[in-house]
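Understanding the architecture of this molecule
Okay, here's what each chain looks like letter by letter:
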Amino acid sequence: MSETLPNWENLVKKQLKTEDIYSILKKENLEGIEVKPFYSEVQKPLVNLPKVEESTHLVSTYHESLEEDVFAFVLEHNVENLEQKTLFIANKELAGHISPTEEDQYFSLISVIDEKEAVIDDQLVKELLAKNFRRNICIDISLHQNAGAAIDQQLGIALAQVKELAEAYGADIFTQVIFRIAVGGNYFFEMAKLRAFKIVFNQLSKEYGLDEIPYIFAETSLRNKAVSDNENNLIRSTLELASAMIGGADAVFSNNYLVDRSTENSEEISFKQQIVLAYESIINVFEDAANGSYYIEDVTRQMAEKSWDLFVEIEEAGGYLELLKQGIIQKKIYDHAVEEQKWVEEGKIKLIGVNLYPKLDVKKSIGELYTEKEIKAVRWAEMFE
């Protein structure tokens with residue numbers, strides 16, 4: 001295949017009417033990932049990257065009208081007679097009252113690390129570990145994506161949090177943890193993000209004598225959504241769900257595309273995005289659908305290497321909680337988030353209806369939106385709203 005590269009180059013030179021094709025075709029990104037204009041091979045093919053669940057769970061916010069048709073719910077309050085359902089518990093008080101009869105039924109989506117105080121909630125961890133849940137401990141890095149963290153930061157932070165928990169509670173935590181991850185709008189990069197996380201999590205588990213793969217609960221991002229642009233929100237979140245399924249998430253969840261409010265109809269439509277992808281495109285059943293794609297394989301490898309390097313850097317500097325106390329983690333995320341917001345302001349990142357064919361004008365400065373002392377979710381469009 002490599003012998004055809006000059007032929008491709010000559011064809012592109014002819015089409016673009018220039019010899020300097022690479023400077024024209026080069027596309028910048030804020031992740032520090034090298035992306036080639038076209039690929040003819042992959043240098044280091046990756047093994048098949050499995051997922052925990054055979055088919056990706058399609059997860060809805062609970063509503064009684066969905067009981068017959070939906071098999072997985074996020075629960076905020078107690079509901080009777082859901083024995084045949086997979087339930088993701090997002091409420092700490094609810095978790096305390098549940099005594100499962102089926103060990104495969106319940107998963108915790110309750111974060112056990114208090115990042116504002118830079119501590120592990122020890123009592124909460126012990127209470128959850130005592131529960132007969134299939135996965136007891138949630139590491140929630142969805143906030144970090146919504147706060148503007150780079151992909152290597154998101155994955156490096158997830159690894160560093162697992163390490164903190166494993167050191168405190170033993171290596172069994174690798175079999176108990178579930179990762180809540182937000183999937184953004186960079187379609188192929190987000191596929192690669194989930195695949196890269198499987199590689200680095202497995203690598204870390206091997207340091208403890210295990211051979212584990214992560215349980216990934218992926219949800220649509222809020223970062224690229226706009227209050228005044230509901231239809232485009234719906235398109236973006238559909239693509240994000242597709243990225244998550246193809247990337248190998250074990251469960252997917254649609255945040256409400258209306259952003260600032262919720263109606264029964266909007267919740268139904270948000271969930272039906274998943275139904276269309278699963279039942280009409282059938283992409284939730286494959287184990288590693290992106291395997292063998294030269295582009296995604298190459299990006300996956302780079303992301304895995306960058307996130308592992310960041311994890312090692314965090315550990316050598318004293319560990320995640322220590323760097324939180326010093327404000328170093330917050331500053332890293334802040335620096336990337338601000339740079340990303342500048343790209344939105346300058347139009348390098350395009351959001352139709354916001355900064356491309358805009359309905360809105362700039363109303364807030366970057367300084368009003370972000371603080372380097374706190375990890376907080378900020379939507380790009382807030383600058384214009």
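Please refer to the structure placed before this passage.
These remarks concern the structure in this document. (Residues numbered from 1 in each chain as written. Predicted model: local features only at pLDDT ≥ 70, side-chain atom pairs only at ≥ 80, totals over all residues. Heavy atoms only, no water.)

**Notes on the pairing of strand β3 (residues 86-89)**
The following threshold applies: Only protein chains enter the accessibility calculation, which uses a 1.4 Å probe. A residue is then buried if its area is under 20% of the maximum for its type, exposed if over 50%, and partly exposed in between. The way it works is that DSSP assigns letters per residue, a run of H or I at least four long becomes a helix, a run of E at least two long becomes a strand, and they are numbered from the N terminus. Any two strands with at least two DSSP bridges between them are considered paired.
Side chains of β3 alternate between two faces, with Thr86 and Phe88 and Leu87 and Ile89 buried alike. By the bridge criterion, four bridges tie strand β2 (residues 72-75) to β3 in an arrangement that is parallel. From the neighbouring strand, Leu75 faces β3, where its bridge partner is Ile89.

**Side note on the nonpolar core**
Formally: We define a nonpolar core as any set of buried Ala, Val, Leu, Ile, Met, Phe, Trp, Tyr and Cys residues linked to one another through side-chain atoms lying within 4.5 Å. Residue contacts are defined here by distance: any two heavy atoms, one from each residue, within 4.5 Å place the two residues in contact.
Ile89, Phe179, Phe197, Tyr320 and Ile329 are the most contacted members of the largest nonpolar core, which totals 82 residues. If near-sequence neighbours (up to four positions away) are discounted, Ile329 is found in contact with Ile157, Ile314, Tyr320, Leu323, Leu324 and Ile375. Membership of the second largest hydrophobic core comes to 16 residues, among which are Trp343, Val354, Ala381 and Phe384.

**Some points on the packing of helix α8 (residues 187-207) against helix α11 (residues 294-316)**
Stated formally: To get an axis, fit a line to the C-alpha atoms, keeping to the stretch in contact for a helix; angles then go from 0 to 180 degrees between the N-to-C directions. An angle counts as roughly parallel when it lies under 35 degrees, as roughly antiparallel when it exceeds 145, as roughly perpendicular when it falls between 65 and 115, and as oblique in every other case. Definitions for this section: a left-handed crossing has its near helix turned counterclockwise from the far helix by less than a right angle. A right-handed crossing has that turn clockwise.
Close contact between α8 and α11 brings their axes to 8 Å; oriented N to C, the two are set at 50 degrees. Looking at the two axes, α8 sits oblique to α11. In this structure, the crossing between α8 and α11 has a hand that is right-handed. For the pair formed by α8 and α11, the contact residues are Phe188, Phe189, Met191, Ala192, Lys193, Arg195, Ala196, Ile199, Val200, Gln203, Leu204 and Glu207 on the first element and Tyr295, Ile296, Glu297, Val299, Thr300, Met303, Ala304, Ser307, Trp308 and Phe311 on the second.

**Regarding the environment of Leu351**
With respect to the helices, strands and loops of the structure, Leu351 is situated in the loop between α13 (328-346) and α14 (366-369). Separated by 127 residues in the primary sequence, Leu351 and Asn224 have C-alpha atoms spaced 7.7 Å apart. Sequence-distant contacts of Leu351, that is, excluding residues within four places in its chain, are made with Asn224, Arg236, Leu356 and Trp380.

**Remarks on helix α9 (residues 230-247)**
Short version of the rule: In this scheme, a helix's expected span is set at 1.5 Å multiplied by one less than its residue total.
The first and last C-alpha atoms of α9 sit 25 Å apart over 18 residues, in line with the 26 Å expected at 1.5 Å per residue. Along α9, 13 of the 18 residues are buried, which leaves the element largely enclosed by surrounding structure. Within two residues after α9, Gly248 carries a phi angle of roughly 100 degrees, on the positive side.

**Considering the environment of Asp20**
Applicable threshold: A 3.5 Å cut-off defines polar contacts: any pair of N or O atoms within that distance qualifies, except that in protein one atom must be a possible hydrogen donor and the other a possible acceptor, and neighbouring residues in sequence count only when both atoms are side-chain atoms.
Relative to the elements of secondary structure, Asp20 occurs in the loop between α1 (5-16) and α2 (21-25). Distance from Asp20 to Tyr370, taken between C-alpha atoms, is 39 Å for residues 350 residues apart in sequence. Within the structure, Asp20 has its side chain in polar contact with the side chain of Ser23 (distance 2.5 Å).

**Some remarks on the packing of helix α6 (residues 151-169) against α11**
Between two packed helices, both the angle of their axes relative to each other and the distance between the axes serve to describe the pair. To keep it simple, the criterion reads: Residue type decides the class: Asp, Glu, Lys and Arg count as charged, Ala, Val, Leu, Ile, Met, Phe, Trp, Tyr, Cys and Pro as nonpolar, and the leftover types, Gly among them, as polar.
Closest axis-to-axis distance for the α6/α11 pair is 8 Å, and the angle between their directions is 50 degrees. Of the possible angle classes, the one that applies to α6 and α11 is oblique. Note on packing geometry: the crossing formed by α6 with α11 is right-handed. Seen from α6, the contacting residues are Ile151, Asp152, Gln153, Leu155, Gly156, Leu159, Ala160 and Lys163; seen from α11, they are Met303, Lys306, Ser307, Trp308, Leu310, Phe311, Ile314 and Glu315. Counted by class, the contact of α6 with α11 contains nine nonpolar, three polar and four charged residues.

**A word on a nonpolar patch on the surface**
Put simply, the rule is: What makes a patch is a set of residues exposed beyond 30% relative accessible area and free of salt bridges, joined within 9 Å when like-charged and within 5 Å when nonpolar (Val, Leu, Ile, Met, Phe, Trp, Tyr). All accessible-area figures derive from a Shrake-Rupley calculation using a 1.4 Å probe, and residue coverage is judged against the displayed protein chains alone. For this analysis, a salt bridge means a side-chain nitrogen from Lys or Arg found within 4 Å of a carboxyl oxygen belonging to Asp or Glu.
Together, Leu16, Ile24 and Leu25 make up an exposed nonpolar region whose accessible area comes to about 230 Å². Assignment of secondary structure puts Ile24 in helix α2.

**Comments concerning the side chain of Gln274**
Here Gln274 is to be found in helix α10 (residues 264-279). Among the residues examined, Gln274 registers a relative accessible area of 0% and is labelled buried. Each residue touching Gln274, except ones within four places of it in the same chain, is listed here: Leu58, Val59, Leu241, Met245, Val252, Phe253 and Ser254.

**Looking at the side chain of Asp152**
What counts, and what does not: Charged residues are defined here as Lys and Arg on the positive side and Asp and Glu on the negative side; His and the ends of the chain fall outside this count.
Tracing the backbone shows Asp152 in helix α6. One buried charged residue, Asp152, remains without a salt bridge, the closest side chain of opposite sign being Lys306 at 4.4 Å. Aside from chain neighbours lying at most four places away, what touches Asp152 is Glu31, Lys306, Ser307 and Leu310.

**Looking at unusual backbone geometry**
Backbone geometry at Ala118 places phi at a positive 60 degrees, although glycine is not the residue there. Here Ala118 lies in the loop between β5 (113-114) and β6 (119-120). A positive phi is found at Ile282, a non-glycine position, where the angle reads about 55 degrees. With respect to the helices and strands, Ile282 occurs in the loop between α10 and α11.

**Topic: the sheet that holds strand β8 (residues 177-183)**
Spatial strand order, β4-β3-β2-β1-β10-β9-β8-β7: eight strands in an open sheet with parallel pairing. If you trace the sheet from one side to the other, it starts and ends with β4 (106-108) and β7 (137-140), each paired once. On average, each strand axis in the sheet is inclined to that of its neighbour by 25 degrees, with strand direction left out of account. Sheet topology places strand β1 (residues 57-61) next to strand β10 (residues 251-253); three bridges connect them, and they run parallel. For Leu58, the partnering residue across the bridge sits in β10 and is Val252. Its contacts with the sheet place α8 against β8 and β9 (215-220), and it is angled at close to 155 degrees to β8.

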